[in-house]
Amino acid sequence: MTLSKIWVYAEATDGNVSNTTLELLTKARELASTVEAVFGGDGASVAATLGEYGATTVHATGDLGGVLQGVPVAAAIAAAVAGGAAPDAILFGTSYDGRDVAGRLSVALDRTVITNNVDLEEDGGALVCTEPVFGGATLVRTKFTGGGPNIVLVRPKSFAAEPAGGAPATVEALAVPDTGAAGAARVTNRFVEERSGPSLDDAAIVVSGGRGLGESDKFQMVEDLAKLLGAAPGASRAIVDAGWVPYSYQVGQTGKVVKPTVYIAAGISGATQHMVGMKGSKNIIAVNKDAEAPIFGVADLGIIGDVHKVLPKLIEALKARG
Amino acid sequence: MPISAKNDPMNIVVCAKQIPDPAEPGALDPQTKTLKRDGKLILDESDMYGVEMALQLAEAAGGGEVTLVSMAPDNKVDGLRSGLAMGAAKAVLVSDPALAGTDALGTAKVLAAAIGKVEGAQLVLTATESSDGYTGTVPEQVAAILGMPSITFAKSIEVRDGTVYVKRQTDAGYDEVECPLPCVVSVTAGVVEPRYPSFKGIMAAKSKPLDQLTLADAGIDAGSVGWAGGGQEIVGIEEAPAREAGEIFEDDGSGVDKIVAYLENLKIV
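Note that the coordinates shown come from a computational prediction; the quantities given were computed from them, not determined experimentally.

Summing up its helical and strand segments, chain B has eight helices and 13 strands in all. Projected onto the principal axes, the alpha-carbon positions of chain B cover approximately 70 × 50 × 40 Å. Buried residues in chain B amount to 49% of all 269 residues. Residue pairs at least 24 apart in sequence account for 73% of intrachain contacts in chain B once pairs closer than 6 positions are excluded.

Structure, rendered in structure tokens:
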């Protein structure tokens, strides 16, 4: 038994559809006989990719003129649902805009949102969501009991993205009702922070630093090691909050979820916040001077030692190998 | 257009969650399937940034009151006292046995009702998510219920002439976003450095006004919150499959060799 229809909230930057969107489309194909996308922008720019991953239709608002997605997209979906177009479920990635739209929509429809999910299954025509708590040590499965559509937020990298080879999705206009003062928040400028090396999303190796580095200058060791390994540098929330590195480096619950082949945690104790963002890595190497640090609970190789001694020696050893 | 040297005094509300101390291991109550919250509750660290930002914005505006709003079991107020000690003027707490099991949407309904009790609130600040529940949807839900615009993930906030200017975190960097007041803004951790309460502040906090409301006082139907209002049911709680135990070594100088050997084995080097 499957659900009959799922909508996936699609996100894209300059026409490039986000990985999370493609992951959700892939999973949705398994759960429902019809998969469609909702997009707060120009549908033609994303129809080919969305179709390739299984969306037959993209309901698109057209250009929003810089208005933040939450208010207009949620209002448009709510109006479509009221007009009889309701899918069984609407899937959102846990992203800045995904959470905004899902939150607004839950109020408009007076429906709960089940958040932070890493797995979805269908049981007797209802959607069951799996959410990890306590840093992933415990899994909680929650079933929707109210009427649809079910609103679901899913964490990035929960599913593999696999193309289905579908034709471009048909673009259908999704009308945005007048949202009055609520829709007044508008983007006036966009800034891109430059960062070197591969992105955290795609890197096969990630080297992250935390508070155990002691001071912001020492993050250079993480950058150096990452460069030698062709890895992406990352960081724990503690040092992002402290202003050592930009937020774009952050791995964790807030920040990026990464699943590289190798994750090296340097001076990171392993707060819940951080662990949920990296626990899915294939191999985890941790260096920390505190033997009781929770990070050692997930490490495949753990070195109880001082990062200020281990990292420079490791960098030297790798350099010597050329 | 006249240029005012100062903004008008601005009343600001901060949503403040009181949570179990994150240093203590969390647990789910197997009976009620909710997070155990029977011990002392502290002000969520994530909310200290909002409190600090509110105090700074009120000061920059040339005055105005900062009010904390919260929902917590058993009329717990310790966390709110911390925020009052930082400098907030007063607090509103909604506490009611019927709130057990309330989801994010129900929480937003309660907070929005409490915010509605605050005279002339121009700006509502929240964290981006709580440190214990981290649904991250409450700020947007509160804004939607109040019919206000919202800007989430602020890494800086300025208010000039009735408009809020925010740098909003994005995947690639940040967006500059502006919006006329009133508005709900969620602030990221690290946006400002929260002050430590002074001894004087701690003493003063004990006598600051703290309104305690029941659901009925807040004007909320008990059926729309709690387990009944949720529209979801927990059907399973299980241990996640544990990672196979790794090899942990005390560094005796050979730690680097072990890392290199591990990477060699994976053909990384």
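The next subject is the interface of chain A and chain B. Taken together, the contact pairs 79 residues of chain A with 76 residues of chain B. Taking both sides of the interface into account, the surface hidden between chain A and chain B amounts to around 6,800 Å²; carbon and sulfur atoms contribute 57%. One salt bridge connects aspartate 100 of chain A with arginine 168 of chain B, and the closest N-O pair in it is separated by 2.9 Å. Taken together, the connections running from chain A to chain B amount to 43 residue pairs in polar contact (both at pLDDT 80 or more). Ranked by residues supplied to the side of chain A that touches chain B, first place goes to helix α4 (residues 96-109) of chain A with eight residues. Inspection of the sheet shows strand β13 (residues 186-192) of chain A paired to strand β9 (residues 173-180) of chain B by six bridges, in the antiparallel sense. Each residue of the ladder has a partner; that of valine 192 of chain A, found in β9 of chain B, is glycine 173 of chain B.

Attention now goes to the confidence of the model for chain B. Mean pLDDT over chain B: 91, with 97% of residues reaching 70 or higher. Predicted confidence for residues 1-5 of chain B stays below pLDDT 50, and this span has one contact to residues more than four positions away or in other chains.

Bringing the packing of aromatic side chains into the picture now. The tally for this structure, following the rule as stated, stands at four aromatic pairs over all chains. Arranged with centres 4.8 Å apart and planes meeting at 20°, the rings of phenylalanine 191 of chain A and tyrosine 174 of chain B form a pair that is stacked. Here phenylalanine 191 of chain A is found in strand β13, whereas its partner tyrosine 174 of chain B is found in strand β9 on a different chain. Classification of tyrosine 174 of chain B as buried rests on a relative accessible area of 15%. Between phenylalanine 219 of chain A and tyrosine 249 of chain A, the ring centres sit 5.8 Å apart and the planes meet at 75°, which makes this aromatic pair edge-to-face. With phenylalanine 219 of chain A in helix α5 (residues 219-229) and tyrosine 249 of chain A in the loop between α6 (237-241) and β16 (262-266), the pair connects residues that are 30 residues apart, well separated along the chain. You'll find phenylalanine 219 of chain A and tyrosine 249 of chain A in the same group, each marked buried. Over the ring of tyrosine 165 of chain B we find arginine 160 of chain B, and its NZ or CZ is 4.1 Å from the ring centre. We note lysine 258 of chain B situated over the ring of phenylalanine 249 of chain B; from NZ or CZ to the ring centre the distance is 4.4 Å.

Examined against the element boundaries, threonine 130 of chain A turns out to sit in strand β9 (residues 126-133). Those residues within four positions of threonine 130 of chain A in sequence are excluded, and the remaining contacts are Asn116, Asn117, Val118, Asp119, Glu121, Leu139, Val140 and Arg141 of chain A.

What follows is about the nonpolar core. Ranked by internal contacts, the top residues of the largest apolar core, which has 46 residues, are Leu57, Leu125, Ile151, Ile157, Val164 and Val185 of chain B. Here this core takes seven residues from helix α1 (residues 45-60) of chain B, the largest share from any one element. Contacts of valine 164 of chain B, omitting those with residues within four sequence positions, involve Ile151, Ile157, Glu158, Val159, Val177, Glu178, Cys179, Leu181, Cys183 and Val185 of chain B. Judged by nonpolar contacts, the second largest core, of 36 residues, contains Ile205, Val307 and Leu314 of chain A together with Phe153 of chain B.

A few words now on the pattern of salt bridges. Considering all chains together, one arrives at 21 salt bridges over all chains under this definition. Ionic pairing is found between aspartate 201 of chain A and lysine 157 of chain A, a salt bridge with its closest N-O pair at 3.3 Å. You can see aspartate 201 of chain A sitting in the loop between β13 and β14 (205-209) and its partner lysine 157 of chain A sitting in the loop between β11 (150-154) and β12 (170-173), a full 44 residues away along the chain. A residue is classified by how much of its surface remains accessible, and aspartate 201 of chain A, at 31% relative accessible area, is partly exposed. On the basis of relative accessible area, lysine 157 of chain A is assigned to the buried category, the value being 19%. Each of Lys157, Asp201 and Lys256 of chain A together with Asp171 of chain B takes part in a single network of salt bridges with overlapping partners.

Reading the values: rules and limits
Residue positions within a chain follow its written sequence, with the count starting from 1. Chains and ligands are labelled sequentially in the order written, the chains with letters from A and the ligands with numbers from 1. With pLDDT at 70 or above as the cut-off, local features in this predicted model cover only qualifying residues; side-chain atom pairs require 80 or more to be listed or tallied, and sums for whole chains, interfaces and linings still use all residues. To obtain the side-chain values, all non-hydrogen atoms of the structure were included, while hydrogens and water were left out. Only DSSP runs of H or I with at least four residues qualify as helices, and only runs of E with at least two residues qualify as strands; both kinds are numbered from the N terminus onward. Using a 1.4 Å probe on the protein chains alone, a residue whose accessible area is under 20% of its type maximum counts as buried, one over 50% counts as exposed, and one in between counts as partly exposed. Any two residues whose heavy atoms approach within 4.5 Å at even a single point are treated as in contact. As used here, buried area is the combined drop in accessible area, with a 1.4 Å probe, of two parts when they are placed together. For salt bridges, the criterion is a side-chain nitrogen of Lys or Arg within 4 Å of an Asp or Glu carboxyl oxygen. Polar contact is defined as a pair of N or O atoms within 3.5 Å, subject to the rule that within protein one atom must be able to donate a hydrogen and the other to accept it, and that residues adjacent in sequence are counted only when both atoms are side-chain atoms. Note on pairing: DSSP must find at least two bridges between two strands before they are called paired. Each residue carries a pLDDT score, the predictor's own confidence in it, on a scale running from 0 to 100. For Phe, Tyr and Trp, where Trp contributes only its six-membered ring, two rings pair if their centres lie within 6.5 Å, and the inter-plane angle classes them as stacked under 30 degrees, edge-to-face over 60, or tilted in between. Two conditions define a charge located above a ring, namely a distance within 6 Å from the ring centre to NZ of Lys or CZ of Arg, and an angle within 35 degrees of the ring normal. Buried Ala, Val, Leu, Ile, Met, Phe, Trp, Tyr and Cys residues that are joined via side-chain atoms within 4.5 Å together make up what is termed a nonpolar core.

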